[in-house]
Amino acid sequence: MTTIPFTEPLGTAGSCAFSVAGTTENAQDIESLAGAAPAGPARIADRVRRSGQVAQVRPADATRPTAQVRVGARPTGLDVRVGGGVGSSPQRPDGRLKVSGEFAFSSDLWADDMLWGATLRSPYPRAKLTGLDLTAAVALPGVYAVLTAQDVPGRRVYGLEHADQPVLAGTEIRYQGEPIAIVAADHPETARRAASLIKADYEVLAPVTDPDAALLPGSDRVHADRPNLLRHVPIRKGDPAATAPVVVTGEYQVGMQDQAFLGPESGLAVPAEDGGVDLYIATQWLHVDQQQVAACLGLPQEKVRLTLAGVGGAFGAREDLSMQVHACLLALRTGRPVKMVYGREESFFGHVHRHPARLRYEHGADRDGRLVYVKASIVLDGGAYASSTGAVVANAATLGIGPYDVPNVVMDAYGLYTNNPPCGAMRGFGAVQACFAYESQMDRLAAAVGLDPVEVRLRNALTTGDRMPTGQLVEGPAPVAELLRLVRERPQAPAGADFPPGGTANTTRGEGVVRGVGYAIGIKNVCFSEGFDDFATARVRLELVGGRPAALVHTAAAEVGQGLVTVQAQIVRTELGVEQVTIAPADTSVGSAGSSSASRQTYMTGGAVRAACLALRARLAARLTALGRAPSTSDNDKKGPFLSAEEWVGALEAGALEETVEWRHRPTHALDPETGQGDAHVQYAFAAHRATVDVDVELGLVKVVEIATAQDVGKAVNPQAVAGQIQGGTAQGLGLALMEEIQVVDGMVRNPSFTDYLLPTIMDMPPMRLDVLELADPHSPYGLRGVGEPPTISSTPAVVAAIRAATGAALTRVPVRPEHIVGA
Amino acid sequence: MERGEKGTTQNMRSISYSRVADVATAIATVTADPDAAYLAGGTTKVDMLRIYAEPSQRLVDINDLPINHIELQPDGAVRLGALARMNDVAMSPIVAQRYPLLAEALVLGASAQLRNMASMGGNMLQRTRCSYFRDHEAACNKRVPGSGCSALTGVNRGHAVLGTSEHCIAAHPSDAAVALSALDAVIHVQNRDGHHAYAIDDFFLAPEDTPEREHPLQHGDLITAIEIPPLPMARDSLYLKVRDRESYEFALVSVALALRVEGGAVAEVRMALGGVATKPWRARRAEHALLGRPATHEHFLHAAREETADAVPRSMNGFKIELARRTMVRALETVTARGGTP
């Protein structure tokens, strides 16, 4: 747990800044529909309700103190007339349940008479499956079904961008842990035992594991029918032969990070009377799951209905399917509800990871440190299946020189198939790997020209009106320089005020401890890019409940812990002035909301909810006008009226009003396949970090003493949630800098446990100082900018830069280990 | 992953459970049944059962046995009942004042939750974190004698450089046992035939040709107590642990040290290493090199080099040799700077 100490707001002229203080006194009354935990097995509906998806959120008590927030000019001129609206931090409806352990996660789902599923997985990363004998498994008492690839009735492969991943492996095994067969039994232990009784014969093959080698013409193919090169994104800007007097080069590596959500993959499939299936599932995107599951089951989409179950974290790892098709297959075959829950070890094999990367950079600059050119090659190991590698490659390429104005760019990013674990979406999505490399390069450049690391960044900082390497114009605020100045101007952490590295004050001495400070800034695209038809759907219903207006919001947007449910209610209160707002469970009976990824969901589903509210305001006004009762408080702006209690009754006593809106951001465009030119992105988001570390240079121990960060969020729709995203994202970046790595050798994962895969704990996170800018984006709802990913991106290079400053070690690979510091 | 395809029974793994209230019954019950095993805190045992690393068993819960006391003996020794919990020992003033290195090793050795459950006796029988030992697809001589050692050429960053053989390089995981090794603790064992006492250095076995044998206990042997002889200089002792994460992580290198400096020279020293060896590693070469020599950086470094002279690095763990030297030197300098024994 990090702390946000009380700090003086550090506003800067011309900007709207606030500092977040660590108070929870802005707590507000929440009346959740959740009751006490029911005795015995709860019905699904109860469980879903208890997941906090259905909650009434009462507005703030105006007499209570709120967080120490200073906002300058409100960029969107909001006139909030009831509490708990946009810009406040009402208590989350799921917060108390989660803290008290009552929240029902997907692994808590239960149906009477349900069976348990289990999965047989390949122990080898590359093999031919030559035989499969199910006899013993089928014969085991308590087993209801044993299914293999032959039993998949529809399309046998699935995938987010390319359908290349088998539901169950046929003859080709392409990664360790690939599912081969699934079992349903009346007890989870019986199901697991039956899976272990399946006799699988393999012809083991040498795996393709080195992405550089996989690119070579003679390499074995991971997929026989296509080359190992999954996607190449070139970017060409300016003169490819540009030269410069100062040249710095570097080769960098990023290890395979895991999203490490705490709630493992799990869900419950319930067969329906119409021959379809209802799936209760923890996911990031219900509709893309629905499309893939329906195709694999050979069912029309309307017969596969999904409802979001309690999600225990996502970070990209729930964007691909895991057990969705498997549970539905077993449920349809047995006619019984089937629950599947992965254990921690299986979870490491059940989802994609962050792409490991090898990045080669050459920066050319003049003697004043102004960049003349950047040449870069980025190789991302996509593992056995495509997942979202294509989009990750595009992000790495288009954002790969960072938030800098560079006239000449030669960038090539490649995504490869190998027999390593499949990689796909993870918070930061291609921008993380590139940022570690380009920020390391900026520090090298600073050293080469004798400039302070912040100064060299300021001299090259991207700003409004500049063009990205793709040719895209940077519109709206791009406060790169301001963010850097904010973290630089934060008072330095006092020396020696903390425990020394290693955490035990009684066992180490201070002589070998050296302080280092490092800076980094990153850039991230928000929402989906490259011409993808990115939209979100929201349905808002207004009716009288007990003589007072009440709003019901229905979307398919996944609350994955980020606070989206809270934000939706805030938007309704601001736009309609209705205090009582209920958020219905997310499911596929309403249109798609798109994914809870790409930092997009407040922008997109928030935008859709807002648009539905605006449509309702127009209809309210029309009704009142038709009744001859002109709205009393019309303020002649586009948001329409807020109504008196009497007017609400008048407007709604004729019946409920409902609006469903499909909302889109402005269109994006494909990248030119030769030059990488094109307006591919919707919005850019920026964050900067300053990390302060103490390094015991003899023993290689690192203590991150403090992290200061500054981020432009456009509009802090929920300041407390913004602070939470910044702190959590920073922690995930610190983890990549210092300890998080899935060790893969010869295609085999060696540390699939939380004992051996190290995550930062409460002991490892330092106090954080936050500056949050609110510079409105004219194109987005409330001017907001996606918040979730930027903090993860620049925190890693800032921590590593600080260690370099303390040690002088080159540190070209993350995570940094003690041996890299002691140089032994 | 589905596990247990190899080497495990294909029937339902039934595990029976019973409780016993006295030592004699416990020993009789377990001795009579070759499939039986003692269950104390369960923090290792349950893990091992879950990953099929141990065969089907009858678990005999010994938590009611009256062997959980922490007692100061008339001769100044401290006797830790085998069922004393790690946390109770760490927090005991008897231990914390006389053997701070042990209290520190215990606190650094596990999370509070584990310390509250795990017993001292069980800690002596903790199994290695070697990932190949816990992976049924991998060759491992400790798990399946004669199957080979995958770690020799695999992921061996965490593995041992001292006391290894060509059959096993798994690092011993315990912190507490390292401190106890420096303290010349004695492990008391009871069985049907009577009582045995093992010097701690004889209790932990290097792998040599039989890595599956980690200690001399026979089936039915019950650890009843750990006795620590008096050692006045240990009142200013130290446990220094170097690891990848500040909390809840096994040692890359650890040093347990008690040191008495008199007139600028080392008058008395006990040192043991963790994280770098296949057993809690008493640093006798270093002790020998230090004794009677000036307490200076040069001599500390010389002693550290002596201790690691025969270390065998593997593909990924060579850094541990240098890190062990530096950690030894740091520990020696830290205790020297404090002024040695009061």
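Scoring rules and cut-offs
- Residues numbered from 1 in each chain as written.
- Chains lettered and ligands numbered in written order.
- Predicted model: local features only at pLDDT ≥ 70, side-chain atom pairs only at ≥ 80, totals over all residues.
- Heavy atoms only, no water.
- Helix = DSSP H or I, 4+ residues; strand = E, 2+ residues; numbered from the N terminus.
- Buried < 20%, exposed > 50% of the residue type's maximum accessible area, 1.4 Å probe, protein only.
- Contact = heavy atoms within 4.5 Å.
- Areas by Shrake-Rupley, 256 points an atom, 1.4 Å probe, with all protein chains shown as cover.
- Expected span 1.5 Å × (residues − 1).
- Axes fitted to C-alpha atoms, helices over the stretch in contact; angles between N-to-C directions.
- Parallel < 35°, antiparallel > 145°, perpendicular 65-115°, else oblique.
- Left-handed = near helix turned anticlockwise from the far one by under 90°.
- Nonpolar A, V, L, I, M, F, W, Y, C, P; charged D, E, K, R; others polar.
- Pairing = 2+ DSSP bridges.
- Right-handed = clockwise from strand over helix to strand, strands pointing away.
- Phe/Tyr/Trp six-rings, centres within 6.5 Å; stacked < 30°, edge-to-face > 60°.
- Lys NZ or Arg CZ within 6 Å of the ring centre and 35° of its normal.
- Core = buried A, V, L, I, M, F, W, Y, C linked by side-chain atoms within 4.5 Å.
- Domains from an automatic or database assignment.
- Salt bridge = Lys/Arg side-chain N within 4 Å of Asp/Glu carboxyl O.

**Notes on the overall build of chain A**
In terms of helices and strands, chain A carries 18 helices and 31 strands. The buried share of chain A, reckoned over its 824 residues, is 64%. Sequence separation of at least 24 residues holds for 82% of the intrachain contacts in chain A that already meet a minimum separation of 6. On chain A, roughly 26,700 Å² of surface is accessible, and the fraction owed to carbon and sulfur atoms is 52%.

**Here we look at helix α10 (residues 431-449) of chain A**
Residue and element names in this part refer to chain A. End to end, α10 covers 26 Å across 19 residues, agreeing with the expected 27 Å (1.5 Å per residue, within 8%). In terms of residue burial, α10 counts as a mostly covered element, since 16 of its 19 residues are buried. The first or second residue beyond α10 is Gly450, which carries a positive phi of 70 degrees.

**So, the packing of helix α6 (residues 286-297) of chain A against helix α7 (residues 324-334) of chain A**
All names here are of chain A. In the contact formed by α6 and α7, the axes pass within 10 Å of each other and the chain directions differ by 45 degrees. Looking at the two axes, α6 sits oblique to α7. The handedness of the crossing between α6 and α7 is right-handed. Touching Asp289, Val293, Cys296 and Leu297 of α6 are Gln324, Val325, Cys328, Leu329 and Leu332, all from α7. Among the residues making up the contact of α6 with α7, the classes are represented as seven nonpolar, one polar and one charged.

**Structural notes on the sheet that holds strand β2 (residues 36-39) of chain B**
Adjacent strands of a sheet form backbone hydrogen bonds with each other and so pair up, either parallel or antiparallel. Residue and element names in this part refer to chain B. Strand order in the open sheet formed by three strands is β1-β3-β2, with parallel pairing between adjacent strands. This sheet does not close on itself; its edge strands, each paired only once, are β1 (16-19) and β2. Each strand of the sheet is rotated relative to its neighbour by a mean of 25 degrees, with strand direction disregarded. Inspection of the sheet shows β1 paired to strand β3 (residues 58-61) by four bridges, in the parallel sense. When the sheet's bridge partners are listed, Ser16 is paired in β3 with Arg58. Against the sheet, helix α1 (residues 23-32) engages β2 and β3, with an angle of about 145 degrees to β2.

**Notes on the pairing of strand β16 (residues 304-308) of chain A**
Residue and element names in this part refer to chain A. β16 sits mainly inside the fold: four of its five residues count as buried. In this structure, strand β15 (residues 277-281) lies alongside β16, joined through five bridges in parallel fashion. In the sheet register, Ile281 faces β16, and the bridge partner there is Leu308. The parallel pair β15 and β16, bridged by α6, forms a crossover whose chirality is right-handed.

**Structural notes on the environment of B:Gly121**
All names here are of chain B. With respect to the element layout, Gly121 can be found in helix α7 (residues 120-124). Judged by relative accessible area, which is 7%, Gly121 ranks as buried. In this structure Gly121 touches Ala82 and Ile223, once residues within four positions along its chain are discounted.

**As for the packing of aromatic side chains**
Residue and element names in this part refer to chain A. Evaluation of the coordinates by the stated rule reveals 14 aromatic pairs over all chains. Between Tyr252 and Phe436, the aromatic rings sit 5.9 Å apart at their centres with planes inclined by 80 degrees, giving edge-to-face as the arrangement. Here the residue Tyr252 occupies a position in strand β13 (residues 246-254), and Phe436 occupies one in helix α10, the gap between them amounting to 184 residues. Neither Tyr252 nor Phe436 differs from the other in exposure class; each is buried. Lying over the aromatic face of Phe103, Lys98 brings its terminal NZ or CZ to 4.7 Å of the ring centre. Sitting over the face of the ring of Tyr342, Arg121 holds its NZ or CZ atom 4.9 Å from the ring centroid.

**Some words on the nonpolar core**
The biggest cluster of nonpolar side chains holds 102 residues, and the ones touching the most others in it are A:Tyr361, A:Ile378, A:Met411, A:Leu738 and A:Ile803. Top contributing element to this core by residue count: α10(A), with eleven residues. With near-sequence residues (within four places) excluded, A:Ile803 lies in contact with A:Val693, A:Val695, A:Val702, A:Leu738, A:Gly808, A:Leu811, A:Val816 and A:Ile821. Within the second largest apolar cluster, 56 residues are counted, among which are B:Ala82, B:Ala118, B:Ile200 and B:Ala258.

**What about the domain arrangement of chain A?**
All names here are of chain A. Looking at chain A, the domain boundaries give domain 1 (116-206 + 260-350), domain 2 (353-422 + 430-529 + 671-822) and domain 3 (535-664). Taking the mean C-alpha position of each, domain 1 and domain 2 sit 36 Å from one another. Taken together, the contact between domain 1 and domain 2 spans 24 residues of the former and 26 residues of the latter. At the surface where domain 1 touches domain 2, the tally comes to zero salt bridges. Of all the secondary-structure elements, those providing two or more residues to the side of domain 1 that touches domain 2 are β8 (165-166) and α8 (344-350). Tallied by class, residues from the side of domain 1 that touches domain 2 come to twelve nonpolar, three polar and nine charged.

**Focus on the sheet that holds strand β8 (residues 222-228) of chain B**
Residue and element names in this part refer to chain B. Spatially, β4-β5-β8-β6-β7 is the arrangement adopted by the five strands of the open sheet, whose pairing is antiparallel. Each edge of the sheet is formed by a strand with only one pairing partner; in this case those strands are β4 (70-72) and β7 (194-199). The mean angle between the axes of side-by-side strands here comes to 20 degrees, regardless of whether they run parallel or antiparallel. Summarising the sheet, strand β5 (residues 78-81) and β8 pair through four bridges and their orientation is antiparallel. Bridge assignment links Gly81 to a residue of β8, and that residue is Ala225.

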